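# Chain and residue survey
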Amino acid sequence: MELYYKKLGEGKPLLILHGLYGSSDNWYTVAKYLSSDYCVVTPDLRNHGHSPHTSSHTFNDMVADIYELLVQLGLTNVHLMGHSMGGKVAMLFAYRYPNFIDKLIIVDIAPREYTSLREPNDHVLQHLNIIQAYDAVDPAVYSSRVEVEKEFSQYITDERIRQFLLKNLARGENGTFRWLINVEALKNNMHGLMGKINIPNNAQIYTPTLFIKGERSNYL
């Protein structure tokens, strides 16, 4: 899959992978700052931002997409940074293609499973609520962003989270609003996204790695 991406600066390549419901725009400020020393590439992962939509959305899919992007750009020996879902993609990519990676930075995620079939935890419930909100609100029937946000606020009461999620609201060519993310694909693949990545328990990644934890986050 040919991903949409932005590229800033010159120097050692640094690839930044956004998280679930995010896009390359989320990392623009960081990318611009780092572009004084690095060639920073920020792609939109599949079913997000301006990249193509498809029914399948697995970690294997996204690793294959990133491999294709690096080959397309002729990049090797890159610094790879991933946040949340992008962090899981980065870890699996480093395991599959270690020769492409110089250093690894994982932001606020671990390779473990985040879901329970018997008893959904806070992580799962939060994402189910978010997907329910996206699924319930059809932006095409509203004429202004204010109207969409008012309806969306009935499902997502936290304003900070709501504003982040509403970054996926955009106007289509016909002037109507639409979601940039592929809501149906994310909903159908959510169990896999909450699961652990496909790295054997006895496997080791020898790439020098930095894990960064959000102070108020319980993901890592």
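Above: the structure in question.
Residue numbers here run from 1 along each chain, matching the order of that chain's written sequence. In keeping with the model being predicted, local features are shown solely for residues with a pLDDT of at least 70 and side-chain atom pairs are shown and tallied solely at 80 or more, while totals for entire chains, interfaces and linings include all residues. As a rule here, side-chain values cover all heavy atoms of the structure and leave hydrogens and water aside.

## Focus: unusual backbone geometry
Selection criterion: Helix and strand labels come from DSSP, where a helix needs a run of H or I of at least four residues and a strand needs a run of E of at least two; each type is numbered from the N terminus. Three labels apply to residues, based on accessible area from a 1.4 Å probe with only protein chains included: buried if under 20% of the type maximum, exposed if over 50%, partly exposed otherwise in between.
Located in the positive-phi region is Tyr 21, a residue other than glycine, with phi close to 70°. Tracing the sequence through the fold places Tyr 21 in the loop between strand E2 (12-17) and helix H1 (28-34). On the basis of relative accessibility, which here comes to 3%, the residue Tyr 21 falls in the buried class. Positive phi, normally seen in glycine, also occurs at Asn 77, with a value near 55°. In this structure Asn 77 comes out as partly exposed when scored by relative accessible area, which is 37%.

## Some thoughts on the packing of helix H2 (residues 59-73) against helix H3 (residues 85-96)
Stated formally: In this description, a line fitted to the C-alpha atoms serves as the axis of each element, helices being fitted only across the stretch in contact, and the angle between N-to-C directions of two axes falls anywhere from 0 to 180 degrees. Working rule for angles: under 35 degrees goes down as roughly parallel, over 145 as roughly antiparallel, 65 to 115 as roughly perpendicular, anything else as oblique. What makes a crossing left-handed is the near helix being turned counterclockwise from the far one by less than a right angle; a clockwise turn instead makes it right-handed. Any two residues having at least one pair of non-hydrogen atoms within 4.5 Å are treated as being in contact. Here the nonpolar group is Ala, Val, Leu, Ile, Met, Phe, Trp, Tyr, Cys and Pro; Asp, Glu, Lys and Arg are the charged ones; every other residue, Gly included, is treated as polar.
For the pair H2 and H3, the least separation of the axes is 9 Å and the interaxial angle reads 70°. For the element pair H2 / H3, the angle class is roughly perpendicular. Judged by the sense of rotation from one axis to the other, the crossing of H2 with H3 is right-handed. Contacts from Phe 59, Asn 60, Met 62, Val 63, Ile 66, Tyr 67 and Leu 70 of H2 reach H3 at Met 85, Lys 88, Val 89, Leu 92, Phe 93 and Arg 96. Taken together, the residues of the contact of H2 with H3 sort by class into 10 nonpolar, 1 polar and 2 charged.

## Thoughts on helix H4 (residues 122-136)
Put simply, the rule is: Expected span of a helix, by definition, is 1.5 Å for each gap between consecutive residues, and there is one gap fewer than residues.
The end-to-end C-alpha distance of H4, which contains 15 residues, comes to 21 Å, matching closely the 21 Å that a straight helix rising 1.5 Å per residue would cover. Among the residues of H4, those classed as buried are His 123, Val 124, His 127, Ile 130, Ile 131, Ala 133 and Tyr 134.

## A look at the pairing of strand E4 (residues 78-83)
So the rule is basically this: Being paired, for any two strands, means DSSP has found at least two bridges between them. By convention, a crossover is right-handed whenever its connection, traced from the first strand over the helix to the second and viewed with the strands pointing away, goes clockwise.
Among the 6 residues of E4, 5 are classified as buried, and the element is accordingly described as predominantly covered. Where E2 and E4 come together, 4 bridges link them in parallel fashion. Counted as the bridge partner of Leu 17 is Gly 82 from E4. Taken together, the 6 bridges between E4 and strand E5 (residues 101-107) define a ladder with parallel strand orientation. Bridge pairing links His 83 to Val 107 in E5. In this fold, the crossover linking E4 to E5 by way of H3 has right-handed handedness.

Function cannot be read off these values alone, since they describe shape.
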